[in-house]
Amino acid sequence: MKLKEIKAIKGKIIIKTGLHIGSGNMEMQIGGTDNPVIKHPFTQEPYIPGSSLKGKIRSLLEYYYGIVQEAAKSEDFKNSGGLATPKMLKNADGEIKNHIKNILKVFGAGAGETDENLIIEIGPTRVSFSDCRLNEDFKKQAEQNHWSYIEVKSENRINRITGTAKDPRFIERVPAGTVFDFEVYFKVLDDEDEKLFEDYLLKGLKLLELDSLGGSGSRGYGKIEFQFDDEALKNKFNSLKLWG
Amino acid sequence: MKTYIVKIKPLTGFGSPIKGDTLFGHLCWQAFEDSQLFGKSLQELLKDYEENPFIVVSSAFPVVKEKIYLKRPSMPLYKLFKISEKEFIQKRKELKSKNYFAFEIPLKPLNEITYEKINFIEEDSQIRCTINRLTGTTGEAPFTPYTVDKIYFKTKLAIFIGLRQDIAVESFKEALKRVGNYGYGKDATAGYGKFEVEDIKEIQLLASSGNYNALYTLSPSVPKKEEVKDIYFTPFIRFGRFGSIFAKLKNPFKNPVVFADEAAVLIPNEDIKKPYIGMSIQNLSKAIPEAVTQGYSLVLPVEVQDAL
């Protein structure tokens, strides 16, 4: 194992539609919303946890490469929820085996594996996401224009028979137009890893742009766009084909 | 050994506090992954670690208004505050809360230093979950949401570094930069523990006090019997575990080590010639017998009244 390169992806995440990454509501506040978004504890500015990005991208890739479909075939793997695991890797074959191994290489395999050879074959987790802070230029702009970092969206359900509202609720969101800084590092440990960067990490980011981040994605929340600082990477990303 | 102070700027929350022994482990992994980084492989660097450590790193300390603040020495309070017994009893709780002091050269005797109350850490927690890909929801284990603790540093941090003569400071800076980019401690790949390396300056630690009779430690350490006449310390038990690929072993845990936590004050047996004390800790794990932990600590000479 030799570290050949550490690839850095730097850029911005532009929020296209209101983003709700819930904080789990650890405390109740008088007049507070029931569904706050996650915020920095002393600046109270919203941020995007690296774990949300990593988890969502990994899950999209598991769908994309047919791992979830494969897991659904077996009672054993149904219980693991369609995640790529070392146990699944041992039982799979063909192309799917390769995809499982690569996902474990890029995103990590979790603890508790007994097979030392397998641990060495997978190696250390290649990718490292970072929590994303608000972009400094955006913050200045927001301060000048008195923009809020948070919006509260009210929602309800209409009773089809009476035509009136039910279950009103208030949900905090990070408003559309907000800009976060984004940074990901990727360790290239052998020649094959070069390919993993494109096929797993970049494709994962592309899939995320088409899907959504955070909660209520099917209702239009959490559409995001990546903007990369590096021109070559930007072109590569734009020309990346997911299907066909 | 040349000594330096490096300042870092935390960019995200951290899953683990920055302690010398853990940071040493991170730097070793950097040397393991890239054998060119320090010009030698990790095996070579660790060859004479028992006698001549290639690197000794301290824990991180807060930087407030350009001043580095160090932990109040782990000594009885009456040895640190020059006040009457009556006043001491009255103010005991207030004095106890004064937990840091500004690091200045030359350092005043420990009972003449002004101790201050500093709070540079904010604790927070984050709720996490794994989504069952088949149902698209959380649910029963292993898909139940769980809480992960996180600490935020409100200030920049300073770390003291000792480098053996053959270790280039630039190599160290690059290694630390990589640790900062990839993340330090728990949940690094999921966004925690990122920092930026700012400036690095050489400092003469042994010159910090003109008239010293004791040594103040800057990281958790295991002093050698022969170098200590007496010691004041708070025990710190490290239930360590391996990082990187070994974190995935069935048993990634190391044997527990009892350290004297940073801010210990030891009365040395003889004049100090090296800017560090302590030893290399071995026999940590049956799974990986060659593993070592930093039991060394850089030291500041200090003056203690009525040392013994």
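Look up: the structure comes first, before these words.
The rules behind these values
Numbers given to residues run from 1 along each chain, matching the order in which its sequence is written. For naming, the first written chain is A and the first written ligand is 1, with later ones following in the order written. Local features are withheld for residues below a pLDDT of 70 in this predicted model, meaning they are given only at 70 or higher, and side-chain atom pairs are given and counted only at 80 or more; totals for whole chains, interfaces and linings count all residues. The basis for every side-chain value is the complete set of heavy atoms in the structure, and neither hydrogens nor water enter the calculation. Where helices and strands are cited, they refer to DSSP runs of H or I of at least four residues and of E of at least two residues respectively, numbered from the N terminus. Taken over C-alpha atoms, the radius of gyration is set against a globule rule of 2.2 Å times the number of residues to the power 0.38. Contact between two residues is taken to exist if any of their heavy atoms lie within 4.5 Å; hydrogens are not considered. What sets the accessible areas is the Shrake-Rupley method with a 1.4 Å probe; for residues, cover comes only from the shown protein chains. Positive residues here are Lys and Arg, negative ones are Asp and Glu, while His and the chain termini are left out of the count. A charged residue contributes its charge at one atom only: NZ of Lys, CZ of Arg, CG of Asp or CD of Glu. Here a strand pair is declared whenever DSSP counts at least two bridges between the two strands. With a 1.4 Å probe rolled over the protein chains alone, any residue whose accessible area is under 20% of its type maximum counts as buried; one over 50% counts as exposed, and the rest are partly exposed. For Phe, Tyr and Trp, where Trp contributes only its six-membered ring, two rings pair if their centres lie within 6.5 Å, and the inter-plane angle classes them as stacked under 30 degrees, edge-to-face over 60, or tilted in between. Charge-over-ring placement is defined geometrically: NZ (Lys) or CZ (Arg) within 6 Å of the ring centre, and within 35 degrees of the ring normal. Counted as salt bridges are all cases of a side-chain nitrogen of Lys or Arg within 4 Å of a carboxyl oxygen of Asp or Glu. In plain words, nonpolar cores are sets of buried Ala, Val, Leu, Ile, Met, Phe, Trp, Tyr and Cys residues tied together by side-chain atoms within 4.5 Å. Every definition here rests on a 1 Å grid over the protein atoms only: cavities are sets of points where a 1.4 Å probe fits but cannot get out, pockets are open sets enclosed by protein on both sides within 12 Å along at least five of seven lines, and lining residues have some atom within 4 Å of a point. Grid points are joined across faces, edges and corners, and a volume is the space filled by probe spheres set on the points. Each residue gets one label: Ala, Val, Leu, Ile, Met, Phe, Trp, Tyr, Cys and Pro are nonpolar, Asp, Glu, Lys and Arg are charged, and the others, such as Gly, are polar.

Draft legend 1. Geometry of the overall build of chain B. Each helix and strand in chain B was counted, giving 5 helices and 17 strands. Over its C-alpha atoms chain B spans a radius of gyration of 21 Å, differing by no more than 12% from the 19 Å that the globule rule assigns to 308 residues. Expressed as lengths along the three principal axes of its C-alpha atoms, the size of chain B is roughly 70 × 50 × 35 Å. Across chain B, the fraction of contacts at a sequence separation of at least 24, relative to all contacts at a separation of at least 6, is 77%. Split by element, the accessible area of chain B, about 14,200 Å² in all, is 50% carbon and sulfur. The positive charge centre, built from 43 side chains, and the negative charge centre, built from 37, are 4 Å apart in chain B.

Draft legend 2. Just the sheet that holds strand E5 (residues 115–116) of chain B, in detail. All names here are of chain B. Within the open sheet, the 7 strands sit side by side as E5-E4-E3-E2-E8-E1-E10. Their pairing is antiparallel. Taken across any chain shown, the strands that pair with only one partner, and hence form the sheet edges, are E5 and strand E10 (195–202). Alignment of strand E1 (residues 2–10) against E10, held across 6 bridges, turns out to be antiparallel. The residue of E10 that forms the bridge with Pro-10 is Phe-195.

Draft legend 3. Inspection of the environment of Glu-170 of chain B at higher detail. All names here are of chain B. Positionally, Glu-170 belongs in helix H5 (residues 169–182). Relative accessible area serves as the criterion here: at 54%, Glu-170 is assigned to the exposed category. Distance in space between the C-alpha atoms of Glu-170 and Ile-200 is 9.6 Å, their sequence separation being 30 residues.

Draft legend 4. Geometry of the environment of Ala-84 of chain A. Residues and elements named next belong to chain A. Relative to the assigned elements, Ala-84 resides in the loop between helix H3 (75–78) and helix H4 (86–91). Residue Ala-84 is classed as buried on the basis of its relative accessible area, which comes to 3%. The residues touching Ala-84, leaving out its near neighbours within four places in the chain, are Arg-58, Glu-62, Ile-67, Ile-100, Ile-103 and Leu-104.

Draft legend 5. Highlighting the packing of aromatic side chains. Enumeration over the complete set of coordinates arrives at 27 aromatic pairs over all chains. Chaining the aromatic ring pairs together yields one cluster made of Phe-14, Tyr-100, Phe-120, Phe-153, Tyr-184 and Phe-195 of chain B. Over the aromatic face of Phe-197 of chain A sits the side chain of Lys-7 of chain A, whose NZ or CZ is 5.0 Å from the ring centroid. Against the face of Tyr-182 of chain B rests Lys-187 of chain A, its NZ or CZ located 3.7 Å from the ring centre.

Draft legend 6. Quick look at the pattern of salt bridges. In total, this model carries 44 salt bridges over all chains according to the counting rule given. Put simply, Lys-82 of chain B and Glu-112 of chain B hold a salt bridge, and the shortest N to O gap is 3.3 Å. Taken together, the residues span a long stretch of sequence, with Lys-82 of chain B in the loop between strand E3 (67–71) and helix H3 (85–90) and Glu-112 of chain B in the loop between strand E4 (100–102) and E5 at a distance of 30 residues. One salt bridge connects Lys-91 of chain B with Glu-87 of chain B, and the closest N-O pair in it is separated by 3.1 Å. With relative accessibility at 29%, the residue Glu-87 of chain B sits in the partly exposed group. Counted as one network, the salt bridges with shared partners bring together Lys-153, Glu-155, Arg-169 and Arg-219 of chain A.

Draft legend 7. Layout of the nonpolar core. One finds Ile-18, Leu-70, Phe-160 and Phe-172 of chain B to be the most contacted residues of the largest nonpolar core, which totals 74 residues. In this structure, Leu-70 of chain B is in contact with Phe-61, Asn-99, Tyr-100, Phe-101, Phe-103, Phe-160, Tyr-216, Leu-218 and Leu-300 of chain B, ignoring residues within four places of it in sequence. Within the second largest apolar cluster, 64 residues are counted, among which are Ile-15, Val-37, Ala-92 and Phe-138 of chain A.

Draft legend 8. Molecular detail of empty space enclosed by the protein. All names here are of chain A. Overall, the coordinates contain 1 cavity of 30 Å³ or more when judged by the stated rule. Of the volumes computed, that of the largest cavity is approximately 30 Å³. Taken together, Leu-19, Ile-21, Val-37, Ile-38, Pro-46, Tyr-47, Ile-48, Val-174 and Phe-180 form the lining of the largest cavity. For the lining of the largest cavity, the per-class residue count stands at 9 nonpolar, no polar and no charged.

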